[in-house]
Amino acid sequence: MWIFGLLLTIAVVWALAYWGAGTGVWIAAFAAGLAVFTAGTDVTWYVAVPVWAISTALVLLLGVPRIRRRYVTAPLFRQFRKVMPPMSQTEQEALEAGTVWWDAELFTGKPDWQRLLNLPPPHLSRAEQEFLDNETQTLCELLDDWQVTHEDKDLSADAWQYIKDKGFFGLIIPEEYGGKGFSALAHSEVVMKLASRCITGAVTVMVPNSLGPGKLLLHYGTREQKSYYLPRLARGEEVPCFALTGPDAGSDAGAIPDRGEVCYGEWQGEQVLGVRLNWEKRYITLGPVCTLLGLAFKLYDPEHLLGEKEELGVTLALVPRDTPGVSIGDRHVTLDIPFQNGPNTGRDVFVPMQQLVGGTAYVGQGWRMLVECLAEGRGISLPALSVGAGKTASRFTGAYAAIRRQFNIPIGRFEGIEEPLARIAALTYQMDAARTLTLGALDIGESPSVISAIVKYHLTEKYRRCINDAMDIQGGSGICLGPSNLIGRAYQAIPIAITVEGANILTRSMIIFGQGAVRCHPWVLKEFQAAQNPDPARGLAEFDHAAFGHVGFVLGNFARSLFLGLTRGRFSGTPVDGPTARYFQQLHWMSAAFALSADVAMMTLGGSLKRKERLSARLGDVLSELYLTSAVLKRFEDDGRPDTDLPLVNWACGNSLYRMQESLRLLFRNLPFRPLAWLLRLIVFPTGAPYTETSDRVDREAARVVLKPGEARERLTRGIFLNDQLRFRQAQIERAFLLAARVEPIEKTLRESVRAGLLRGRDFASQVEEALAEGIITRAEAAELEQMQILRREVIMVDSYAQYGKRFVLAPARSKKPAIYAV
Ligand SMILES: Cc1cc2nc3c(=O)[nH]c(=O)nc-3n(C[C@H](O)[C@H](O)[C@H](O)COP(=O)(O)OP(=O)(O)OC[C@H]3O[C@@H](n4cnc5c(N)ncnc54)[C@H](O)[C@@H]3O)c2cc1C
């Protein structure tokens, strides 16, 4: 009886916590439990009375807000204010920038999947699609990557002009200012397509549309600034760049030593109030060719010309290149990806106040402006570039593996090759899903700073993984550079994508969870804000609400983690039936486990979690994988649940679940408070760790998607540059790939005939002849086999160059123009 009572109590408490019952329900359940306890058992009055008295006191203490605030919350509040980590203004502004979206849902431990699935599928307008099919296609054709990267070290004059004339620099500028006014999706599709043809061209187009004068003016510019500069930027009459980084301020951009002083000076022949600037910047993309510099610096007002304050903070200005004192034009050699990039300096450069972005109203707001713009831009440019590279590897390295034969069979059939090929295909599917989901959020007006950091980090890392795998698969044909090599430059560009817009180690270690923990958690930011409220009474009331909400939240995630851990997610609701239903259930489990672990880490480590970067990184990894897997499931639904995509979905979800599990296990192993870490491990994985690396079967099925022509391969690689004119390498590979699929059964017949001793010829040509004579194959089949031999050779050949004396004269087989390359 007692055991039954105890089990029933645990079950009720568990259920109430799981479903997040409100205070009233808890009190009612508690009272009902006590009533059953006193009426239904032979408990004596001297036990029952104290139990009732203590219970009533507890209910009054916790259930009546006024009493609770006074005796429970107030001491807690005082303590919280004392231990709350100090927050710099820069951190505060970073935290306030942007919005939270699906990331916050994942943080609840019980994501509302319907909310995700209700988001409209990605859709391009007719004008956007036409721009992609016409102008972007033409620009891709103009961008001869080998010519750009090896011979000219720059885009051709024609390509530059075309970019300016056709509005590629004004993709984000609204039509009223003469721009394209494109959606985030269209902007990303343009960059992705260009990246699949020429990364240098893609970077050139993406930078003015990302963080720079255009975006800053759109958000903060004065009416005059907008109407003067935006049409000029949209028409390509101005080439913009944005200069924040310098030798002494890289990742720690808030530490820029560059200085502006408010003073009077001469501007266009008149004495006006303005700013005298001194700066030293480096790594500035488009800097060497820019006409308009967006400049970040710290502003000072030593003569108090603007007001009382002397140190005004980070401020942004627009500096025309030809302003006296500006020194610009040198270039850095950024690996072999020669987009325009270089240093610049300014010595006593004077600009009037109207050149400050947003005018005097935005003085000192520069850091917030940058972080807000970055929250959007980071979700578009580099993810698009990464997916462009992943799709190129999926399509053309997959094709190469089907065409290239060793040991008499296509290399794609070797298990050793299936493993990296599956990774390329499935990671590309996952990257593209995350890209489009994020763009969907941006296009409904969100500006999710944590998600944009997630996609920046994970998509560039997966790009690295895909291209490294592609290089391994393609062997020498990936290594020897020349017009025939479609992946070599993408390989060289990786460190650039990893470093820019927030270097990856920093993004993983400090930003994703560092920001996410406060931004996305349903209660932590509210607690912080309550503690900072200058009105103590209101602060206490807000803290009381947040702290008790937080307690309920932790209890709920405790109950959910254990229940879902015991059942491995089974019995939890799913928004869909069919093959992906189980993944929704498992993500529910991981979301609860993540939310609980995040709370335990925050509660035990407090402010020092910020310095425990590796713990923070692992929590960020779980949040990121939750996001990436949600994106995969959403994409599968948006595409109409095609069976042919299931191998990629299975690989991506299986891999992500395994990675979440391993990140949590590593977190538990390294949490400093050991007993709590053991307990946490027991709650989250009560029946052990179920996930492993993807199986050989799952790998094989995923690899096959890119080894054969088909709708799944087309969907996976949609949007990249293709052209059926045979002067393009892409067309040559595609033609050979399609023929390889057609002749595969004929080659198999030939192989089996040789093995059975029916054909004795030593080489391929004589075997074909014999097979024809013996009636094993038809004349048409023999012709196709011969044609395949020719095309296969065309695809496996790499470029080579003549060598004269101490210099290579690089004259690629298909290039008419030789170029000199000093060695
Ligand atoms: C090709 C290129 C183009 C660029 N274009 C522009 C541009 O147009 N405009 C512009 O303003 N800037 C630009 N940048 C700057 C870029 O965005 C980075 O901010 C900058 O390169 C980072 O500085 P750094 O290279 O000196 O690295 P550092 O800041 O010295 O970082 C070195 C390493 O330390 C890591 N690290 C730093 N802090 C931490 C931390 N707290 N925890 C863990 N790890 C940490 C970083 O992740 C990195 O791995 C460009 C850079 C490059 C290379």
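Our structure is the block above this text.
Predicted model, so just to flag it, every value in this text is computed and none were measured.

Some details on the site of the ligand
Logical step 1: Around the ligand, the surrounding shell holds 22 residues, and the nearest of these are Phe242, Thr245, Ser251, Tyr283 and Glu613.
Logical step 2: Contact between the ligand and Phe242: a nitrogen atom at 2.8 Å from a main-chain N or O atom of the residue.
Logical step 3: If the ligand stood free it would expose 970 Å²; the protein chains cover 69% of that surface.
Logical step 4: For the shell around the ligand, the secondary structure elements donating two or more residues are β1 (240–243), β3 (270–285), α20 (488–499) and α21 (504–519).
Logical step 5: At four residues, the largest contribution of residues to the shell around the ligand is made by β3.
Logical step 6: Along the lines of polarity and charge, the residues of the shell around the ligand split into twelve nonpolar, seven polar and three charged.

Side note on the side chain of Ser452
Logical step 1: When you line up the elements, Ser452 lands in helix α18 (residues 449–474).
Logical step 2: A distance of 2.9 Å separates a polar atom in the side chain of Ser452 from the backbone oxygen of Ala375.
Logical step 3: A distance of 3.0 Å separates a polar side-chain atom of Ser452 from the backbone oxygen of Ser449.
Logical step 4: What Ser452 contacts, discounting residues up to four positions off in sequence, is Leu374, Ala375, Arg378 and Gly379.

Quick notes on the packing of helix α12 (residues 199–209) against helix α16 (residues 381–403)
Logical step 1: Two elements in contact, α12 and α16, have axes whose closest approach is 11 Å; the angle formed by their N-to-C orientations is 160°. When the interaxial angle is binned, α12 and α16 end up roughly antiparallel. For the pair α12 and α16, the crossing hand works out as right-handed. Residue-level inspection shows Ile199, Ala202, Val203 and Met206 of α12 in contact with α16, the latter providing Ser381, Leu382 and Leu385.
Logical step 2: Its residues assigned to classes, the contact of α12 with α16 comprises six nonpolar, one polar and no charged.

Thoughts on the packing of aromatic side chains
Logical step 1: Across all of its chains, the model carries 23 aromatic pairs by this definition.
Logical step 2: For the pair Trp113 and Phe584, a centre-to-centre distance of 5.1 Å together with 80° between the ring planes defines the contact as edge-to-face. Within this pair, whereas Trp113 is found in helix α7 (residues 113–118), its partner Phe584 is found in helix α24 (residues 581–605), the two being separated by 471 residues in sequence.
Logical step 3: Take Trp113: its relative accessible area is 6%, and that puts it in the buried class.
Logical step 4: Residue classification places Phe584 among the buried positions, given a relative accessible area of 0%.
Logical step 5: Between Phe721 and Phe728, the aromatic rings sit 5.4 Å apart at their centres with planes inclined by 80°, giving edge-to-face as the arrangement. Comparing Phe721 with Phe728, the two get one shared label, buried.

Topic: the nonpolar core
Logical step 1: Among the nonpolar cores identified, the biggest contains 215 residues, and Leu293, Val319, Leu385, Tyr463 and Tyr627 are the most heavily contacted of them.
Logical step 2: With 15 residues, helix α17 (residues 415–443) is the largest single contributor of residues to this core.
Logical step 3: Apart from the residues lying within four places of it in its own chain, the contact partners of Tyr627 are Trp101, Trp102, Leu106, Ala434, Leu437, Thr438, Ile451, Ile454 and Val455.
Logical step 4: With 30 residues, the next largest nonpolar core counts Tyr177, Leu318, Trp367 and Val371 among its residues.

Quick look at the environment of Ala493
Logical step 1: Position of Ala493 relative to the elements: it lies in helix α20.
Logical step 2: For Ala493, a relative accessible area of 2% corresponds to the buried category.
Logical step 3: Those residues in contact with Ala493, other than ones at most four positions away along the chain, are Ile199, Ile337 and Tyr463.

What about unusual backbone geometry?
Logical step 1: A positive phi is found at Asn408, a non-glycine position, where the angle reads about 70°.
Logical step 2: If you trace the backbone, Asn408 turns up in the loop between β8 (405–406) and β9 (409–410).
Logical step 3: Phi angles above zero are rare outside glycine, and Arg641 is one such case at about 50°.

Quick notes on the rules
- Residues numbered from 1 in each chain as written.
- Predicted model: local features only at pLDDT ≥ 70, side-chain atom pairs only at ≥ 80, totals over all residues.
- Heavy atoms only, no water.
- Near = heavy atom within 4 Å.
- Polar contact = N/O pair within 3.5 Å; in protein donor to acceptor, adjacent residues only side chain to side chain.
- Areas by Shrake-Rupley, 256 points an atom, 1.4 Å probe, with all protein chains shown as cover.
- Helix = DSSP H or I, 4+ residues; strand = E, 2+ residues; numbered from the N terminus.
- Nonpolar A, V, L, I, M, F, W, Y, C, P; charged D, E, K, R; others polar.
- Contact = heavy atoms within 4.5 Å.
- Axes fitted to C-alpha atoms, helices over the stretch in contact; angles between N-to-C directions.
- Parallel < 35°, antiparallel > 145°, perpendicular 65-115°, else oblique.
- Left-handed = near helix turned anticlockwise from the far one by under 90°.
- Phe/Tyr/Trp six-rings, centres within 6.5 Å; stacked < 30°, edge-to-face > 60°.
- Buried < 20%, exposed > 50% of the residue type's maximum accessible area, 1.4 Å probe, protein only.
- Core = buried A, V, L, I, M, F, W, Y, C linked by side-chain atoms within 4.5 Å.

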